[in-house]
Amino acid sequence: MTPDAEQAVAAAVGAASTVVPVGAGTQREVGGPVPTGTEVGAPSGIVAYDPAELTVTAGAGTSVDELDAALGAHAQECVLDPRDRRATLGGLLAVGLSGPRRLRYGPLRDRVLEVRFATADGRLVRGGGPTVKNVTGFDLPRLLVGSFGTLGVLTRVILRCQPRPALSRWYRAPGEPDAVRAACLAPSTITWGPDGTRVLLEGHPDDVDAQAAAAELVALPDDGPAWPDAPHRGRVSVPPGQVRQVGAGLAALDGVVWLAEWGVGTVHVGAATEDGLADARGVATAAGGWLLRESGAPTLDGFGVALPASEVMARVKAAFDPTGKLAPGRLPIPGAGVAAPGVVSGGRIGGPARA
Amino acid sequence: MCFPASPAEVAAAVAVAARHDRPFVARGSGTGLSGGATPVGRPVVIVTTHLNRILDVDPAARVAWVEPGVLNLDLSRSVSHLGLHYAPDPSSQAACTIGGNVATNAGGPHCLASGVTAAHVLALDVVLADGSIAQLGGLEPDQPGYDLRGCFVGSEGTMGIATRVAVRLTRDPTVVRTLLLDFTSVEAAGATVSGIIAAGIVPAALEMMDAEITRAVEDYVGAGYPRDAAAVLLVELDGLEAGVAAQVEEVRAVGREHGARSVRVAADERERALLWKGRKSAFGAIARIAPDYYLHDVVVPRTRLVEVLLEVYEIAEEQRLTMMNVFHAGDGNLHPLIVFDAREPGVWPRVTDAGDAILRACVAAGGVLSGEHGIGLEKRDAMPLVFGPDDLDAQARLRDAFDPWGRANPDKVLPRGSRCGELGVVPEGAWV
């Protein structure tokens with residue numbers, strides 16, 4: 001990709017009256033409905049990769065598969081782990097969904113060092129910086145992660161990489177997931193569901209063996225548990241201590257399959273019917289959490305919950321997209337698209353576009 | 001100046017400031033190094049040091065709710081019996097507050113593997129500039145909408161005041177090994193840093209000290225550092241037995257390959273503590289050399305570390321200043337330390353000129369202005385070195401969305417003219 005390609009994205013965004021950022025389409029059904037408008041994609045390709053820096057610069061349209069192949073050649077990885085590896089970096093960051101190794105490696109947002117994005121008025125803006133440690137200015141990269149394309153269209157990102165573990169192996173645990181957590185220093189994933197507890201251990205082979213022995217784990221021949229698959233899918237987010245309650249609630253529902261990330265608080269849910277996913281949302285809400293619609297369930301609200309600190313969010317939205325042209329409806333921002341910049345900002349923000 | 005003792009009192013103080021349309025500045029222990037908490041103009045100064053309770057510790061969830069005035073080290077000490085600690089460990093950790101750490105997005109030697117403050121803050125109760133209270137983030141892994149928690153951390157008090165913080169606690173590693181490697185040139189030490197990372201090792205900490213500071217520290221604490229070394233590396237590896245043992249051998253091999261004269265592995269916890277005492281006493285040690293110091297904080301790509309370090313020495317020579325370097329080499333985070341006597345006539349312009357030259361050298365090498373101290377007042381006017389007008393405008397929009405009234409610690413971080421259409425804008429091109 002070239003800087004010109006990014007400028008072309010910015011020009012397209014600036015010219016369109018309604019912008020629909022698109023990647024590989026793997027997250028299209030996540031959250032609020034995709035509006036109709038001008039579809040804008042990001043350039044793809046790896047721009048710079050120096051294994052000794054443990055960072056990689058790539059077009060936001062680059063697929064996770066392509067990134068993995070480049071990093072894998074140097075025994076490195078960037079922990080993204082989407083369900084569908086055709087997903088683009090920009091799409092993945094826009095929906096902000098962390099993969100199942102979050103327990104050990106932290107959320108997606110911690111891996112983004114720098115972003116470049118096209119603004120509603122057609123400019124290219126850069127936030128963050130290329131170094132692995134940086135507190136220069138406000139954290140635009142974190143703001144963009146999970147913003148569903150409603151603040152700008154990502155064109156280029158710099159991500160943090162890490163050495164690939166020498167060994168990754170899945171296990172079945174005979175007992176409770178808490179026992180695994182106590183016995184193992186840093187398991188990469190612990191799943192808990194109707195089929196019991198599964199564990200992913202990564203690291204030096206001798207350490208993996210020793211940890212497995214200490215927790216009385218039984219090695220599995222496969223790649224671990226299957227993520228719930230059904231016509232209607234969502235993910236529950238609850239405080240980690242509430243996962244057991246959510247599991248009990250989901251187990252009582254007909255036609256609902258689920259798998260929890262223990263210690264994280266994410267519960268993946270699949271339902272045979274749209275009503276089933278709505279019932280699962282009820283279970284999540286009762287446990288103090290919420291359910292994000294990930295696919296199917298076309299008449300179900302994408303989020304089913306009011307946004308916290310919604311006044312500030314509305315002001316952020318108005319500051320970056322005063323006319324509400326970017327991915328309208330993808331996030332339930334109160335007043336998005338109708339806010340007059342002068343009212344929201346007292347005249348200080350959301351002013352006329354820079355020439 | 002006020003010392004609120006509850007979140008409600010913080011909100012009340014902010015509300016009073018709002019009623020009189022006066023700016024306010026939050027302040028913790030005042031250990032910040034970039035002037036972020038320095039009152040400018042006539043603000044209401046809201047000191048959070050009386051909000052110093054650890055409210056709740058949940059060992060199963062590994063989360064603690066704390067008030068902003070809790071000292072960083074006190075938090076780690078209070079959970080050590082649970083086999084847990086709070087990972088960010090700035091040098092001032094015995095004195096600095098969690099609230100200040102949140103404001104500056106503070107780091108420390110052990111942030112190489114575990115990340116800076118932003119990776120360890122889960123949720124915040126904040127008082128916004130109109131006196132209203134909001135919760136940002138949460139204990140559930142994801143929240144719907146924008147990551148306001150992520151924006152607030154590192155915003156240096158310009159988006160509001162945190163009154164309650166939920167932090168992630170980290171399990172103590174099973175095995176910790178600390179090594180001291182000694183070199184006859186900074187180039188060799190720098191090449192070893194790159195070699196360690198290239199070997200697929202991300203140590204828990206990877207610190208470098210140059211000749212002058214090594215000697216000063218050794219004279220001060222007697223940690224057994226080689227007084228004739230051109231540079232030493234302090235490397236800490238942690239995790240599980242086999243992995244750590246293998247990494248110790250690899251680090252030893254990489255060091256030898258680049259000409260390390262000696263590789264000392266701390267035999268026990270006492271020796272490990274002694275090696276760290278040397279590193280952590282660096283700023284005390286220099287008081288024996290000169291009464292004043294100016295500590296910088298810049299980050300460069302790790303592969304350009306040596307090149308920039310040599311430039312730093314050249315700058316010191318040009319300005320006829322003593323410059324020492326003790327820094328987080330593993331993540332390219334340089335801390336040039338200018339040691340001087342402020343009573344010496346004409347020294348200040350040389351100190352500030354040297355600082356400016358260091359910033360420019362780092363930016364020219366693809367670096368950034370700050371890795372962990374923040375921008376505050378100190379580097380505010382250098383922001384255009386790394387950000388263009390559109391980038392600064394976007395940051396101003398974010399800041400103003402939190403505080404449209406411009407009352408929360410104004411005049412920090414963003415230089416005048418950041419907002420498009422703002423009066424006094426410096427013409428494009430005049431900045432760089």
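Thresholds, definitions, all that
Residues numbered from 1 in each chain as written. Chains lettered and ligands numbered in written order. Predicted model: local features only at pLDDT ≥ 70, side-chain atom pairs only at ≥ 80, totals over all residues. Helix = DSSP H or I, 4+ residues; strand = E, 2+ residues; numbered from the N terminus. Rg over C-alpha atoms; globule rule 2.2 N^0.38 Å. Buried ≥ 20, exposed ≤ 12 C-beta atoms within 10 Å, placed from the backbone. Contact = placed C-beta atoms within 7 Å. Pairing = 2+ DSSP bridges. Expected span 1.5 Å × (residues − 1). Arc of directions from axis to C-beta. Axes fitted to C-alpha atoms, helices over the stretch in contact; angles between N-to-C directions. Parallel < 35°, antiparallel > 145°, perpendicular 65-115°, else oblique. Left-handed = near helix turned anticlockwise from the far one by under 90°. Nonpolar A, V, L, I, M, F, W, Y, C, P; charged D, E, K, R; others polar. Domains from an automatic or database assignment.

A count of helices and strands for chain B gives 13 helices and 18 strands. Its C-alpha radius of gyration of 22 Å places chain B within 12% of the 22 Å reference for a compact globule of 432 residues. Across its three principal axes, chain B shows a C-alpha extent of roughly 65 × 55 × 40 Å. Within chain B, the proportion of its 432 residues that are buried is 56%. For chain B, the proportion of contacts with a sequence separation of at least 24, taken over those separated by at least 6, is 71%.

In this section: the pairing of strand β11 (residues 189-193) of chain A. Residue and element names in this part refer to chain A. A large share of β11 lies buried, amounting to 5 of its 5 residues. The side-chain alternation of β11 yields two buried faces, one formed by Thr189, Thr191 and Gly193 and the other by Ile190 and Trp192. Between the antiparallel neighbours β11 and strand β12 (residues 196-203) lie 2 residues.

Right, let's get into helix α9 (residues 274-286) of chain A. All names here are of chain A. Look at α9: 19 Å from first C-alpha to last across 13 residues, which is about the 18 Å you get at 1.5 Å a residue. For α9, the set of buried residues is Gly276, Leu277, Ala280, Arg281, Val283 and Ala284. Axial view of α9: buried residues confined to an arc of 155°, hence all on one face. Looking at the buried side of α9, the elements it contacts are β14 (232-237), α8 (243-251), β15 (256-261), β16 (266-271) and β17 (290-295). Of the residues one or two after α9, Gly288 is the one with positive phi, at around 85°.

Here the focus is the packing of helix α11 (residues 305-318) of chain B against helix α12 (residues 347-364) of chain B. All names here are of chain B. Contact pair α11 / α12: the axes reach a minimum separation of 10 Å and the direction vectors enclose 160°. As the angle between them shows, α11 and α12 are arranged roughly antiparallel. Read as a crossing pair, α11 and α12 show a hand that is right-handed. The residues of α12 that touch α11, namely those facing Val308, Glu311, Val312, Ile315 and Ala316, are Ala354, Ala357, Ile358, Ala361 and Cys362. Considering only residue class, the contact of α11 with α12 consists of 9 nonpolar, no polar and 1 charged.

What follows deals with the interface of chain B and chain A. If you look at the interface, chain B gives 76 residues, while chain A gives 68 residues. Broken down by secondary-structure element, the contributors of at least two residues to the side of chain B that touches chain A are β7 (133-137), α5 (148-152), α6 (186-198), α8 (241-257) and α13 (389-402) of chain B. Ranked by residues supplied to the side of chain B that touches chain A, first place goes to α13(B) with 11 residues. Residues that form the side of chain B that touches chain A fall into these classes: 36 nonpolar, 25 polar and 15 charged.

Residue and element names in this part refer to chain A. Spatial strand order, β3-β4-β8-β6-β7: 5 strands in an open sheet with antiparallel pairing. This sheet does not close on itself; its edge strands, each paired only once, are β3 (46-50) and β7 (124-128). With direction set aside, neighbouring strand axes in the sheet form an average angle of 10°. Pairing geometry for strand β6 (residues 112-118) and β7, over 5 bridges, is antiparallel. Pairing of Ala118 across the sheet is with Leu124, part of β7.

We now examine the domain arrangement of chain A. Residues and elements named next belong to chain A. As far as domains go, chain A holds domain 1 (3-163), domain 2 (167-219), domain 3 (232-295) and domain 4 (310-345). Between domain 1 and domain 2, the C-alpha centre-to-centre distance is 32 Å. Its residues placed into classes, the side of domain 1 that touches domain 2 shows 2 nonpolar, no polar and 2 charged.

Turning our attention to the domain arrangement of chain B. All names here are of chain B. Per the domain assignment, the segments of chain B are domain 1 (7-171), domain 2 (175-284) and domain 3 (290-364). Measuring from the centre of the C-alpha atoms in domain 1 to the corresponding centre in domain 2 gives 32 Å. With 5 residues of domain 1 at the contact, the number on the domain 2 side is 8 residues. When the residues that make up the side of domain 1 that touches domain 2 are grouped by side-chain class, the tally is 3 nonpolar, 2 polar and no charged.

Another aspect to go through is unusual backbone geometry. All names here are of chain B. Not every positive phi belongs to a glycine, and Glu156 is a case in point at roughly 55°. Structurally, Glu156 is set in the loop between α5 and β8 (161-168). In this structure, Asp411 takes a positive phi of about 70° despite not being glycine. Residue classification places Asp411 among the partly exposed positions, given that 18 C-beta atoms sit within 10 Å.

Across a sheet, paired strands are connected by hydrogen bonds in the backbone, their directions being either parallel or antiparallel. All names here are of chain B. Pairing in this open sheet of 5 strands is antiparallel, and the strands run β3-β4-β8-β6-β7 from one edge to the other. Bordering the open sheet on either side are β3 (54-58) and β7, each of which pairs with just one other strand. The mean angle between the axes of side-by-side strands here comes to 15°, regardless of whether they run parallel or antiparallel. With 5 bridges joining them, strand β6 (residues 121-127) and β7 adopt antiparallel strand pairing. Among the inter-strand pairings, Val126 is bridged to a residue of β7, identified as Ala134. Sitting on the sheet, helix α1 (residues 7-19) touches β6, β7 and β8, and the angle it makes with β8 is about 140°.

Before going further, it helps to examine α8(B). Residue and element names in this part refer to chain B. Its 17 residues give α8 an end-to-end C-alpha distance of 24 Å, which sits within 8% of 24 Å, the value for a rise of 1.5 Å per residue. Along α8, the positions that sit buried rather than exposed are Gly243, Val244, Gln247, Val251, Val254 and Gly255. In an axial view of α8, the angular spread of the buried residues amounts to 100°, which keeps them on one side of the axis. More than 90 degrees from the buried face of α8, the exposed residues found are Glu249 and Glu257. With its phi angle positive at about 85°, Gly259 sits one or two positions after the end of α8.

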